[in-house]
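Observations on the three-dimensional arrangement
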Amino acid sequence: MERINKPDLNIARKRTKYEVETTVYEDAKNIKDIGKNKKYMIQTHGCQANEADTEVIRGLLEGQGFLPTTVLEECDLIIINTCAIRENAENKVFGELGRLKSYKRINPNLIIAVAGCMPQEEDVVERIMKKYPHVDLVFGTHNIDKIIEYIDYVMKEHKQLIEVYSKQGDIVEHLPQVRENRFKAWVNIMFGCDEFCTYCIVPYTRGRERSRQKQYIIEEIQKLIEQGYKEITLLGQNVNSYGLDFVDEKYDFADLLDDLAKLDIPRIKFTTSHPKDFSDKLIDVIAKYDNIMPFIHLPVQSGSNSVLKKMNRKYTKEQYLNLVERIYNKIPNVSLTTDIIVAFPGETNEDFLETLDLVDKSKFEGAYTFIYSPRKGTPAASYKNDITPEEAKQRLYKLNELVNEGYLRGNKRFENKTVKVLVEGFSKTNETMLSGYTENNKLVNFEGDESLIGQIIEVYVEKAKTWSLDGRVVR
Ligand code: SAH
Ligand code: SF4
Ligand code: F3S
């Protein structure tokens, strides 16, 4: 029996009023220990939503006995959890799929699976079916909870299984998780996105915006606290619109943060905030609690009003700058970072200069910067775009110069000061040093004993560099 269920962007685009269904996960019936004596690896691309999904997939796999490995040759199962946000992210995955084929010669029973946002695109599924027959399993963002059943099918039938749903989506609670980090945890507070920024594929790949009920969020965080977690990051494509989809309850993101801050967790972070719904009530809650970190990622995308309008961002440059000012006034110690797209269709040099001006005025301490990448099925993909790739690269280069000044300025603020650091482990660049992040999300390297890992300690910052701080432990 063939099992092929392809995505449809037209269905994925639809939004209707309906009550989101929350179900509780139950183990796949009649499937037991299919991972016994087998090893798996997951490669994760894209944003924290994918990182969080990978932790669920690991939980499901390890529940069936699969063991993790970092050695490709040992794998019985390789899953690529993909991202569709820009073309180069997708090209990397296709390149990788080509390379992985040879590992089937080492292990003919190797299962190769593609998961995440790319399978939600019609083109991608067609291309895999035509050119990558060695891919055994393709599933999307709406049916991660069914992975065990899918793997069982592929093992028994030895047939390619494509199972992607285009729908608005529901919520499944109590999914098992194996977390990557022992001290920092992701906690989804919502799924999907209803913003439909004209360049962006996420509302099509992740479904409609839907919020988790607060009791499940609190329950999850309480468990994390019991396990010794020190930091949680609340996740959503636009956390500021948390709760707006609740039918008979008035409970928003500021209310949620206010409740979570009262729990015994030293550090709460959140990402991402859309500037349009950032209320004063929310700023006040962030300012009120010491365990809500003074670090806000506030993607602006452009400083030009005409570009913002074409992007469907729903705010102006002036409104954004006003928000930034309100945040600085109430949370003076805050670090702001942002996302910016250059060379959006129709962006003139004047528009670009507006972006530079906004970056200068906003005093960002970091930014992710991107060249616009057309995504099939989104409105902007059909906008006329005559910016040459060279011009786009030049804009990105100029922007990054300014952004990097912000990184250094942000780090310099902490020179000769004592900061609190959650010690994560040995430094990636120097294994004799420890490293961790400050409350403002600054990376610090310092000498210290291994026993400090997992603790929040005080570190004196001796030197600020563009990408990190050098410090020493305060005794
Ligand atoms: N929901 C988040 C971010 C999701 S994607 C938010 O709205 O802030 C992360 C970033 O990728 C976006 O902020 C945007 O800057 C960038 N991005 C999204 N689509 C893109 C595209 N088609 N081309 C280039 N960059 C894009
Ligand atoms: Fe994409 Fe905009 Fe939604 Fe962010 S808010 S995920 S950029 S559509
Ligand atoms: Fe990429 Fe999907 Fe996240 S497209 S950025 S992995 S929501």
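These lines cover the structure that appears in this document, whether it is placed above or below.

In this section: the packing of aromatic side chains. Inspection of every chain in the model, using the stated rule, returns 12 aromatic pairs. Here F253 and F270 contribute two aromatic rings whose centre-to-centre distance is 5.4 Å and whose plane-to-plane angle is 75 degrees, an arrangement assigned as edge-to-face. One end of the pair, F253, is in helix α9 (residues 253-261); the other, F270, is in strand β14 (residues 267-271), with 17 residues separating them in the sequence. F253 gets classed as buried once you look at its relative accessible area, which sits at 1%. What makes F270 buried here is its relative accessible area of 3%.

Let us now look at the sheet that holds strand β15 (residues 295-297). Pairing is parallel across the open sheet formed by 3 strands, whose spatial order is β15-β16-β17. This sheet does not close on itself; its edge strands, each paired only once, are β15 and β17 (367-371). This sheet shows a mean twist of 10 degrees between the axes of neighbouring strands, independent of strand direction. Two strands pair when backbone bridges link them, and strand β16 (residues 335-342) and β17 are joined in this way by 5 bridges, in the parallel orientation. Residue V342 lies in a different strand from β17, and its bridge partner there is I371.

Among the nonpolar cores identified, the biggest contains 59 residues, and L234, F253, L257, I296 and I327 are the most heavily contacted of them. A per-element tally of this core places α9 first, with 6 residues. Beyond its immediate chain neighbours, meaning those up to four positions away, L234 contacts V187, I189, I221, V239, F253, L257, L260, I268, K269, F270 and T271. Core analysis: the second largest hydrophobic core is formed by 27 residues, L9, Y103, I128 and V164 among them.

Further remarks concern helix α13 (residues 349-362). With 14 residues, α13 extends 20 Å from end C-alpha to end C-alpha; this agrees with the ideal 20 Å at 1.5 Å per step. Here α13 has its buried residues at D351, F352, T355, L356, L358, V359 and S362. All buried residues of α13 project into a common sector of 160 degrees when viewed along the axis, lining one side. Looking at the buried residues of α13, the elements they touch are α11 (305-311), α12 (317-330), β16 and α14 (389-412). The positive-phi residue at the C-terminal boundary of α13 is K363, with phi of around 55 degrees.

What counts, and where the lines are drawn
- Residues numbered from 1 in each chain as written.
- Chains lettered and ligands numbered in written order.
- Predicted model: local features only at pLDDT ≥ 70, side-chain atom pairs only at ≥ 80, totals over all residues.
- Heavy atoms only, no water.
- Phe/Tyr/Trp six-rings, centres within 6.5 Å; stacked < 30°, edge-to-face > 60°.
- Helix = DSSP H or I, 4+ residues; strand = E, 2+ residues; numbered from the N terminus.
- Buried < 20%, exposed > 50% of the residue type's maximum accessible area, 1.4 Å probe, protein only.
- Pairing = 2+ DSSP bridges.
- Axes fitted to C-alpha atoms, helices over the stretch in contact; angles between N-to-C directions.
- Core = buried A, V, L, I, M, F, W, Y, C linked by side-chain atoms within 4.5 Å.
- Contact = heavy atoms within 4.5 Å.
- Expected span 1.5 Å × (residues − 1).
- Arc of directions from axis to C-beta.

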